[in-house]
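Single-letter residue listing:
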Amino acid sequence: MGRRLDELAEARLAELAEGGRLRRLRPYRREGTDLVRPDGTRLVDFSGNDYLGLSRHPQLIARARDWTERYGAGASASRLVTGTLDAYVAVEGKLAAFKGAKAALVFNAGFQANATILPAMAELLGETLIYADRLNHASLHHGIAAAGLRQQRFRHNDLDHLRSLLERDQGKPGRRLIVTESVFSMDGDRAPLGALIALAEEFGAHLYVDEAHATGVSGPQGRGLTAAHPGRVDVVMGTVGKALGGFGAYVAGSRALIDFLVNRCAGFIYSTALPPAVFGALDAALDLAPTMEAERARVHAHAERFREAAKRRDLSTGASDTQIVPLLIGGNMATLAAQARLEEQGLLGVAIRPPTVPEGEARLRLSFSAAHRDEDVARLCDALAGLETPA
Ligand SMILES: *Cc1c(COP(=O)(O)O)cnc(C)c1O
């Protein structure tokens, strides 16, 4: 039986390789924003999500260490059993304040949050029509699929299309839920949140917004794009593993919503609580992030400089206006070749291929950090000379 399974896997891997879709883990040693390969060669990391450089911040490291010494290496149980330290509840209070929400709840990861909150929402809402942006993250798709609800996908950030779907469905029974990201992970553009909220309110739809790439970087004091619209988005989730420099995720909303999730969300209930070190790092990140205006200005300036350099060479960066800048290439093989060309120059921009992005829309996803040196960004801009204009 073991051999049969190996053979099936090998055949499938060969198929993926043929389509340029084989993925491999590549180990690195990390030194700041530099990655050192096993052979000693170095790459500047333009693919990570440590947008503010918080993952190496001495205060996060110190508090993670301190909370480990005080509370131990593990939480020892799920949150509802004995995994809720009083320090954890205080962090959730800080999170709620950071998001301008009544309450917040920490999840073990963003994937786990989206994949399990949406099914819990389905229990809450009953019969529901879901409208999802076509470019939503895989974890949101998982959640909607697991909820067993009908999903309509609207064209990316196209509110006219969304309105036409809502109008078409007007006679149908059930509630409506709109699901989107605020800053899109692979395109680096932003949802038109004000208009989206107005549309949701017009049609009596609930709104679920994933702020994975906005948290810490966008919105007032880095509180995310939803922070500009307090109380008007029903469910706000985000991650801690990106700009906040640590690990984990959160959901913010009303007290009743959070209490409901504590009671009914399987991904919260049936999983061991995050270790004290992780909560400690989050606690420190929440102290620092609102004050990091200089870092936010720096990361946005890096991205703008790169977009301008790409424009001068007729390379498309799509609708990006954040710290995430795709270099749209198209074919899988051509995108892998472009990645290799950058690597020859000591720069890492990872090729993102289907199914992470739509078929035929492979790209290099470049992402910027306040920790990048100006000369690293200059080098990346110069390296664009070696990339051919996509067909
Ligand atoms: C990264 C990401 C997630 C998953 O978060 P993790 O904490 O890494 O599991 C969810 N949604 C979006 C949009 C993301 O980019």
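Scroll up a little and you will see the structure.
Every value quoted in this text rests on a predicted model; they were computed, and no experiment measured them.

### Quick word on the site of the ligand
Looking at the ligand, there are 14 residues lining it, with Gly110, Phe111, Asp210, His213 and Lys242 nearest. Within the side chain of histidine 137, a nitrogen or oxygen atom sits 3.5 Å from a nitrogen atom of the ligand. Take aspartate 210: an N or O atom from its side chain is 2.6 Å from a nitrogen atom of the ligand. Bound to the protein, the ligand loses 84% of the 380 Å² it would expose on its own. Looking at the shell around the ligand element by element, the count peaks at three residues for helix H4 (residues 110–125). When its residues are assigned to classes, the shell around the ligand shows three nonpolar, eight polar and three charged.

### Focus on the nonpolar core
Core analysis: the largest hydrophobic core is formed by 79 residues, its most contacted members being Leu162, Ile178, Phe306, Leu327 and Phe368. Top contributing element to this core by residue count: helix H10 (residues 276–288), with eight residues. Residue contributions to this core reach at least three from each of two domains, namely domain 1 (20–52 + 292–386) and domain 2 (57–290). Other than its neighbours up to four places away in sequence, isoleucine 178 contacts Tyr131, Phe154, Leu162, Leu166, Leu196, Ala200, Ala205, His206, Leu207 and Tyr208. Grouped together as the second largest cluster of nonpolar side chains are 28 residues, Ile144, Tyr208, Val235 and Val262 included.

### Topic: the sheet that holds strand S2 (residues 34–36)
The mixed open sheet is built from four strands, whose spatial order is S1-S2-S3-S12. A strand with exactly one partner marks an edge of an open sheet, and here the two such strands are strand S1 (29–31) and strand S12 (347–348).

### Remarks on the packing of aromatic side chains
Summed over all chains, the structure comprises five aromatic pairs. Considering the side-chain rings of tryptophan 67 and tyrosine 71, the 5.6 Å spacing of their centres and the 85° angle between planes classify their relative orientation as edge-to-face. Here the residue tryptophan 67 and the residue tyrosine 71 both occupy positions in helix H2 (residues 58–71), the gap between them amounting to four residues, near one helical turn. For tyrosine 71, a relative accessible area of 31% translates into the label partly exposed. Through pairs of rings, three or more aromatic residues link up here, namely Phe46, Phe306 and Phe368.

Parameters and conventions
- Just so you know, the residues in each chain are numbered from 1, in the order the chain's sequence is written.
- Under the rules for a predicted model, residues below a pLDDT of 70 receive no local features and side-chain atom pairs below 80 are neither given nor counted, while totals for whole chains, interfaces and linings still include all residues.
- No hydrogens and no water enter the side-chain calculation; it runs on all heavy atoms of the structure.
- Any residue with a heavy atom lying within 4 Å of a molecule or strand is counted as near it.
- The definition of a polar contact used here is a pair of N or O atoms within 3.5 Å, where within protein one atom must be able to donate a hydrogen and the other to accept one, and adjacent residues in sequence count solely through side-chain atom pairs.
- Note on areas: Shrake-Rupley, 1.4 Å probe, and residue coverage restricted to the protein chains presented here.
- Secondary structure follows DSSP: runs of H or I at least 4 residues long count as helices, runs of E at least 2 residues long count as strands, and numbering of each begins at the N terminus.
- Following the grouping adopted for this structure description, the nonpolar residues are Ala, Val, Leu, Ile, Met, Phe, Trp, Tyr, Cys and Pro, the charged ones are Asp, Glu, Lys and Arg, and the polar ones are all others, Gly among them.
- Take the buried residues of types Ala, Val, Leu, Ile, Met, Phe, Trp, Tyr and Cys, join any two whose side-chain atoms come within 4.5 Å, and each joined set is a nonpolar core.
- To sort residues, take the accessible area from a 1.4 Å probe on protein chains only and compare it with the maximum for the residue type: under 20% means buried, over 50% means exposed, and anything in between is partly exposed.
- Residue ranges assigned to each domain were obtained from an automatic or database domain assignment.
- We call two residues in contact when some of their heavy atoms are within 4.5 Å.
- The rule for pairing is simple: two strands pair if DSSP sees at least two bridges between them.
- Put simply, two rings from Phe, Tyr or Trp (the six-membered ring, in Trp's case) pair if the centres are within 6.5 Å, and we call them stacked under 30 degrees between planes, edge-to-face over 60, tilted for the rest.

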